[in-house]
Structure formats: structure tokens, C-alpha cells
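Close look at the chain arrangement
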Amino acid sequence: MKKVITGGRRRTESKLDMAPLIDMIFILLIFFLVTTSFSKESGVELKKPKLSPAQTESKRKTNVTVEVAHDNRIIIDGRVYDVRTVRAFMEQFLINAPKGTVVIASDKDSDIGRVIEVMDQCKLAGVINVSVAPRISAQNT
Amino acid sequence: MKRVVKNDRRSDSTDLDMAPLIDMIFILLIFFLVAGSFVKKSGVTVDKAVAQTAEMKKKTNLILGITRDNKIYSGGQEIDIRDVQSHMERFLIENPDGYVVISPDRSSRSETTLKVQDYCYAAGIRNISISAEKPQ
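Remember, it's a predicted structure, so these values are computed and weren't measured experimentally. (Residues numbered from 1 in each chain as written. Chains lettered and ligands numbered in written order. Predicted model: local features only at pLDDT ≥ 70, side-chain atom pairs only at ≥ 80, totals over all residues.)

**So, the overall build of chain A**
The secondary structure content of chain A amounts to 3 helices and 6 strands. The order of α-helices and β-strands along chain A, N terminus first, is α-β-β-β-β-α-β-α-β. Counting every position in chain A, which comprises 141 residues, the buried fraction comes to 26%. Residue pairs at least 24 apart in sequence account for 72% of intrachain contacts in chain A once pairs closer than 6 positions are excluded. (Helix = DSSP H or I, 4+ residues; strand = E, 2+ residues; numbered from the N terminus. Buried ≥ 20, exposed ≤ 12 C-beta atoms within 10 Å, placed from the backbone. Contact = placed C-beta atoms within 7 Å.)

Below, the structure written as C-alpha cells:
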């Protein structure tokens, strides 16, 4: 980097000018400091129900449809449930059908927050296969 | 700090040794290069849904925000629902196997989110998740 030869002889000082290099690295550093973001997003995945025509209505009832109505009511089998009771219902359901699947049929006017809440409750209860589908509007509540 | 005293006189050449500084800056630079990621934010603030089963996503390339009044935003610009698919196809050319996070407001209509998700799938994006925060 720097050679200092003391004495009366010819000194071969091959000094590299580091200033532009440092400037450039600084600029790069500041660029990356400003542009990068470390915010990690957290999220859930909304799965679509898979159509499997082979096993329709076979054996016992192994799936349950949770409807989320336009006014955010939660309807399972025609009965209105509260968000807090969905989990208990699902735990009960899993006893009868351990590998049961849940389809959340959300009305197009329902809040996505409610749909996610219902899905969360189902997952907390231990349902592995939870999917979300838009509710067919032909059937009315 | 390195002082070079030449001959008999005392020359005041207080030369700063730059090497450690440069080393440090290089290390910082490489750290930011590796650790940072470029995320295209939605540009809108939304009231996220709460889910206890939400999990941290390692990578995110694009965030689509859906506001309370069902408008879709990406990078601070509003996108019409009909343009989502073409927008996503363009995004996929830039980042093949890009990760997309849809960040809907909790009181936005579920139809919008499901449609946006559908369009993303239709465009060929395989890694889509819906943003939700874990309650404290």
C-alpha cells in the first residue's frame, strides 16, 4: 500500500489514491442502506378447494362448509355461529372425521378479515385442509 | 495512525490509515447486499386481518394492497381489477418465481381478494399469500 523508503536514495513511492474508491463504496453503501427493506411479511395462504369427483358423498360426512354471509354471519349447517365457537365446533367435527376438510364459502360482500378469522379458527382447531371459495350466489340465506 | 518520521526533522504528515475503514465499509456493503431484499410495496396502509396461524414469509417481491373501498394498489398506483392479470404477467417476466403477497384491508370485500388471487394464479404466479398479522 505505502512504501516509505527513508534515506537519500530514489524513493519508489507507488501510492494508490484510495479516495475515489472509498467514495464509490460509500455511495453504494448508502444506496443499499436506503433501498433495502427488512420488513418481513407475515401471512396465510388461501387454498382453493380441489375438485375431486371420485369421492363425492362417500362414507361418512368428511367435509363441512362454513358460509360467511354478506353481513359477516358465520353459518354452518344452517345455524349461525360466533367466531369464538367455530373452533369448538371444528374440534368436535374432527373427532368424527379426523381428516375432514373444511370449505369456507364466502359471500362476495363479506369481509376478508372475517374469512381469515374463520380459517384461522379452523386451523387452530387442527383442520389441515381448509380452503376458501366464493359462495355461489344462487343459494340464498 | 501511522507517523512517519523522516530523517532528522519532524514532518507533520499525520497519515490516516484508511485500510480498516475501507474493510469495515466493505463488510457493511456486503451485508446489505446479501441481507436486503427489494420489495415493491403497495404504497397504501391497510388494517390487516389478524390470524394466529400466520407465518413469516421469507421472501416477498411484490405486495398488492387492497384498501377498505376495494381499490387495488401496487407501488403506490391504483390498478383496475381487470388489469391485475396483465400486471402480474409483466411482473412474472421480471421476476420468475416471484413471491406475491396480497395485503387486503380486513373490511374489504372478500370477493376482491379472491379475484385478485385468481388473476395472480392465472398469470402463472405460484407463490401467493394473504397478509395477516399475528396478534401480540
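**Some remarks on the environment of Ile 81 of chain B**
Residue and element names in this part refer to chain B. By the element assignment, Ile 81 lies in the loop between β7 (77–79) and α2 (84–94). Sequence separation between Ile 81 and Thr 67 is 14 residues; the distance between their C-alpha atoms is 13 Å. Residues within four places of Ile 81 in sequence aside, it is in contact with Ile 72 and Lys 115.

**A closer look at the pairing of strand β9 (residues 127–133) of chain B**
As judged from the 2 bridges shared by strand β1 (residues 42–44) of chain A and β9 of chain B, these two strands associate in the antiparallel manner. If you follow Gly 43 of chain A over to β9 of chain B, its bridge partner there is Ser 131 of chain B. Here strand β3 (residues 49–50) of chain B pairs with β9 of chain B via 2 bridges, running parallel. Paired with Val 50 of chain B across the bridge in β9 of chain B is Glu 133 of chain B. Alignment of strand β8 (residues 99–104) of chain B against β9 of chain B, held across 4 bridges, turns out to be parallel. The residue of β9 of chain B that forms the bridge with Val 101 of chain B is Ser 129 of chain B. (Pairing = 2+ DSSP bridges.)

**Looking at the interface of chain B and chain A**
In many reports, interface size means the accessible area that the parts give up when they come together. The interface is formed by 42 residues belonging to chain B together with 37 residues belonging to chain A. Sorting the residues of the side of chain B that touches chain A by element identifies α1 (19–35), β4 (55–56), β8, α3 (110–123) and β9 of chain B as the ones contributing at least two each. Looking at the side of chain B that touches chain A, the element that brings in the most residues is α1 of chain B, giving 8 residues. In terms of residue class, the side of chain B that touches chain A is built from 22 nonpolar, 12 polar and 8 charged. Of the strand pairs in this sheet, β1 of chain A and β4 of chain B are connected by 2 bridges, and their pairing is antiparallel. Across the sheet, Gly 43 of chain A pairs through a bridge with Glu 55 of chain B, a residue of β4 of chain B. (Nonpolar A, V, L, I, M, F, W, Y, C, P; charged D, E, K, R; others polar.)

**Notes on the nonpolar core**
All names here are of chain A. Counting residues in each nonpolar core, the largest one holds 45 residues, and the members touching the most others are Ile 104, Ile 116, Val 118 and Met 119. Here the element with the most residues in this core is helix α3 (residues 112–125); it accounts for 6 residues. Those residues in contact with Met 119 that lie beyond four places of it in its chain are Val 44, Ile 104, Val 130 and Val 132. (Core = buried A, V, L, I, M, F, W, Y, C linked by C-beta atoms within 7 Å.)

**Focus: unusual backbone geometry**
All names here are of chain A. Its identity as a non-glycine residue notwithstanding, Asn 72 has a phi of 65°, on the positive side. Structurally, the position occupied by Asn 72 is in the loop between β2 (63–68) and β3 (74–76). Unlike most non-glycine residues, Asp 77 shows phi in positive territory, near 50°. As for its position among the elements, Asp 77 is in the loop between β3 and β4 (79–81).

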